[in-house]
Amino acid sequence: MSDSGVVTWEQRWHPLREEWVIVAAHRNDRPWHGERAAPPAARPPAYVEDCYFCPGNPRVSGARNPQYRSVFVFDNDHPCVGPDAPQSLAAAPGIYRNSPASGIARVVCYSPRHNITLAELDPSEILTLLIAWREQYVDLGTRPGVRHVLIFENKGEVVGVSNPHPHGQIYATNFVFKTIETEVEASRRYYEEHRRALFHDIIRSELEDGRRVLAETGSAIVFMPYFARYAYECYVAPRETHSSLATVTDGELADLATALKWLLVRYDNLWQMSFPYVLALHQAPTDGGDYSGFHFHIECHPPLRKPQLLKYLAGPEIGGGNFLSDTLPEVKAAELRALPAVHYRTPDA
Ligand SMILES: [Zn+2]
Ligand SMILES: [Zn+2]
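Residues numbered from 1 in each chain as written. Chains lettered and ligands numbered in written order. Predicted model: local features only at pLDDT ≥ 70, side-chain atom pairs only at ≥ 80, totals over all residues. Heavy atoms only, no water.

Novice: What's the story with the coordination of the zinc ion (ligand 2) in this structure? I'm lost.
Specialist: As a benchmark, a tetrahedral metal site with four donors has ideal angles of 109.5 degrees, while an octahedral site with six donors has ideal angles of 90 or 180 degrees. Taken together, the protein donors to the zinc ion (ligand 2) comprise Glu-183 (OE), Glu-183 (OE), His-282 (ND1), His-297 (NE2) and Glu-299 (OE), at separations of 2.0 to 2.4 Å. Taking relative accessible area as the criterion, His-297 reaches 0% and is therefore assigned buried. (Donors = N, O, S within 2.8 Å, 3.2 Å for Na, K, Ca; no water. Buried < 20%, exposed > 50% of the residue type's maximum accessible area, 1.4 Å probe, protein only.)

Novice: What should I look at first to understand the sheet that holds strand S3 (residues 72-75) in this one?
Specialist: Through backbone hydrogen bonds, the strands of a sheet pair up, either in parallel or in antiparallel fashion. Read across the open sheet, the nine strands follow the order S3-S4-S6-S5-S10-S11-S9-S8-S7; overall the sheet is antiparallel. Sheet topology places S3 and strand S7 (213-217) at the edges, where each strand pairs with a single neighbour. On average, each strand axis in the sheet is inclined to that of its neighbour by 20°, with strand direction left out of account. Note that strand S5 (residues 148-155) and strand S6 (residues 167-173) share five bridges and pair antiparallel. Pairing of Ile-151 across the sheet is with Ile-170, part of S6. Packed onto the sheet, helix H3 (residues 198-209) meets S7, strand S8 (220-223), strand S9 (234-238) and strand S11 (297-301) and runs at close to 70° relative to S8. (Pairing = 2+ DSSP bridges. Helix = DSSP H or I, 4+ residues; strand = E, 2+ residues; numbered from the N terminus. Axes fitted to C-alpha atoms, helices over the stretch in contact; angles between N-to-C directions. Contact = heavy atoms within 4.5 Å.)

Novice: What am I meant to see in the packing of helix H4 (residues 250-270) against helix H6 (residues 329-337) here?
Specialist: Working note: a packed helix pair is described by the angle between its axes plus the distance between those axes. Their axes nearest at 9 Å, the elements H4 and H6 cross at an angle of 95°. Taken together, the axes of H4 and H6 lie roughly perpendicular to each other. Judged by residue contacts, Trp-262, Arg-266, Tyr-267 and Leu-270 of H4 engage Glu-335, Leu-336 and Arg-337 from H6. (Parallel < 35°, antiparallel > 145°, perpendicular 65-115°, else oblique.)

Novice: Where do I start with the environment of Pro-144 in this structure?
Specialist: Here Pro-144 lies in the loop between helix H1 (123-141) and S5. Once the C-alpha coordinates of Pro-144 and Asp-287 are considered, the two residues, 143 residues apart in sequence, prove to be 9.1 Å apart.

Novice: Would you take a moment to explain the state of the cysteines for this structure?
Specialist: Each disulfide consists of one covalent bond between the sulfur atoms belonging to two cysteines. Tallied over the entire structure, the rule returns zero disulfides. Cys-80 carries a free sulfur, and the closest cysteine sulfur to it, the one in Cys-109, is 17 Å from it. By relative accessible area, Cys-80 is classed as partly exposed at 45%. In this structure Cys-300 is not part of a disulfide, and its nearest cysteine sulfur, from Cys-234, lies 7.0 Å away. What makes Cys-300 buried here is its relative accessible area of 0%. (Disulfide = S-S within 2.5 Å.)

This is the structure we're talking about:
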């Protein structure tokens, strides 16, 4: 139902992906008899002896983690792209192509504490992470052969994470990830036509409408986009256009840290559980191209529609490639905005 009580059943254009999202919000209360995600596990201790990420512990590679105190970055011991990937490959058959999976895969531990999450870190600790992300983007992005740096966090068992130690990953690859390629192309065409960044105009439209704006923290903004594909999909971004973190100032980073904290606390408070998501930084490729029309942003894609109820990707999404959303962004944004500002696991909260 929309604010006016009228059922919303329409298609919304996703300007960054240049595709339709079917919003069929009248179907969200369909009876459900299928599989549910497992209930959240009990909180683990602050240090776990056999955790590969805890300070001082050995990893599978044989390396030992230092007694780190804040953010700790290291090369992934199970890299999906890496300098050791085979360089001389058998020729692909027929019309097909292949190439070496070279690149660099890293792990970023957010905190030495095993049992804390990004949502529970102080804004100053989140700022330290953002600074580390900026350093990694610049460091990896300037290496020869690296055309793109994807920084992301998978959080929760429902997105395949078995170790709860707070961490994210970085893939520096010799190709540009598809979503970025799509967004870059849409942004480039929009910039050529309007001389303004597409994402900047998305922010302007969100501010003018206001119903999906969640928070403004100085130079940063949190909103649920008009064209959200997932029930609780939200974006965090600087208001000014930067094609990547590389040019974002320390002051803007501090505002972004506060904005990210705002969102992640609401996520956890929504159902009083550690909220699973896939968080990704969308930044310009590092292949030397002109990306002045591209506006860096952080996208959060939570897979749950209801407590323990997953959004399944099925016929429309996997079969057809477009999303079907059972929820209305205006309603979901209002839900998040109404939640308490203090994390539910804060002592005395
Ligand atoms: Zn750990
Ligand atoms: Zn994006």
